[in-house]
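# Structure at a glance
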Amino acid sequence: MMSDKIGDFPEQDPRGVAFHVAQTAVGAADIAIPGAGYALQQIVGHFVGEPLQKRRDEWFRQLGARLLELQNRFEGFDPSNLEGNEAFVSVVYEATHVAMKSHKEFKREALANAVLNVAIGQTIDEALQGRFMACIESFSAAHIRLLSVLAAPSAYEKCVAMANRMSMGSQSVIIRAEISTDEISEPLFGVVVADLIREGFIDGGMNVMTTNNAFLSRRTTATGDSFLAFIRSPPG
């Protein structure tokens, strides 16, 4: 009876000795599995290495296209000058490391924007940049969504409409007019708020009773605003 399994390739065949699997996040080092047979090398190469390679290539294509876009948007911006920009090289390395670990589009968009902002000269403290990168990695789309609304509640029509109907209450009711429980469940909403408070991105207290004068007040801190600026597409 013929087996459907992939048989081990003869040990003397060079393909079984150093089979290319994947590349590192920003390098081009081949990874081999010492002592592994040809079948295992094939499986790892096709079903692990190739998807990772594809993800890395797509990430760099995205960065390249966005950098060309900047060249058209900002007079005097020349991507060729970035080679000697150490801050740019560092942020590309950090962003690539995070991008390789996630398939979430919102994360890759935030990471690309961070790279572009550094490319056009946005300066940020090194420690703060590392912290922001860690937040991009750990945050969900719900974190970014809620933080964005809390940065400018008055920019959202549903928040304004709810504020106009109330004379007293908590700001959480106003925010919930824009972000429904279908989008962010109540338990998750509490977790996200706690995370944003812990990172120092918002000042908390959304459930405190207040008057309509404070319903549409910005709740983000200076650090929270800096984070949003870091992950948003460069203006202009």
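Attention here is on the structure that accompanies the text. (Residues numbered from 1 in each chain as written. Predicted model: local features only at pLDDT ≥ 70, side-chain atom pairs only at ≥ 80, totals over all residues. Heavy atoms only, no water.)

### Topic: the overall build of the protein chain
Within the protein chain, the secondary structure is distributed over nine helices and two strands. Listed by position from the N terminus, the elements making up the protein chain come as α-α-α-α-α-α-β-α-α-β-α. Looking at the protein chain as a whole, 40% of its 236 residues qualify as buried. Within the protein chain, contacts between residues separated by at least 24 positions form 70% of all contacts whose residues are at least 6 apart in sequence. Carbon and sulfur atoms make up 57% of the accessible area of the protein chain, which amounts to about 13,100 Å² in all. (Helix = DSSP H or I, 4+ residues; strand = E, 2+ residues; numbered from the N terminus. Buried < 20%, exposed > 50% of the residue type's maximum accessible area, 1.4 Å probe, protein only. Contact = heavy atoms within 4.5 Å. Areas by Shrake-Rupley, 256 points an atom, 1.4 Å probe, with all protein chains shown as cover.)

### Thoughts on helix 3 (residues 105–119)
In a regular helix each residue adds 1.5 Å, so 15 residues correspond to 21 Å; helix 3 covers 21 Å between its end C-alpha atoms and thus fits that length. Burial analysis of helix 3 places twelve of its 15 residues in the buried class, which makes it a mostly covered element. Within helix 3, the full set of buried residues consists of Lys107, Arg108, Ala110, Leu111, Ala112, Asn113, Ala114, Val115, Leu116, Asn117, Val118 and Ala119. In the segment just after helix 3, Gly121 is the residue with positive phi, at about 105°. (Expected span 1.5 Å × (residues − 1).)

### A closer look at the layout of surface pockets
Unoccupied space between atoms shows up once a probe the size of one water molecule is rolled over them. Empty space within the largest pocket amounts to approximately 190 Å³. Considering the residues around the largest pocket, the lining is formed by Asn85, Ala87, Ser90, Glu94, Val118, Gly121, Gln122, Thr123, Ile124, Glu126, Gln129 and Gly130. Of the residues in the lining of the largest pocket, the class split is three nonpolar, seven polar and two charged. (1 Å grid on protein atoms, 1.4 Å probe; cavity = no way out; pocket = protein on both sides within 12 Å on 5 of 7 lines; lining within 4 Å. Points joined across faces, edges and corners; volume = space filled by probe spheres on them. Nonpolar A, V, L, I, M, F, W, Y, C, P; charged D, E, K, R; others polar.)

### Focus: the packing of helix 2 (residues 86–99) against helix 4 (residues 126–138)
Look at helix 2 against helix 4: their axes get within 10 Å of each other, and the N-to-C directions meet at 20°. Of the possible angle classes, the one that applies to helix 2 and helix 4 is roughly parallel. Both helix 2 and helix 4 take part in a crossing whose hand is right-handed. Between helix 2 and helix 4, the contacting residues are Val91, Glu94, Ala95 and Val98 on the first element and Gln129, Gly130, Met133 and Glu137 on the second. (Axes fitted to C-alpha atoms, helices over the stretch in contact; angles between N-to-C directions. Parallel < 35°, antiparallel > 145°, perpendicular 65-115°, else oblique. Left-handed = near helix turned anticlockwise from the far one by under 90°.)

Everything listed is a geometric property; what it means functionally is a separate question.
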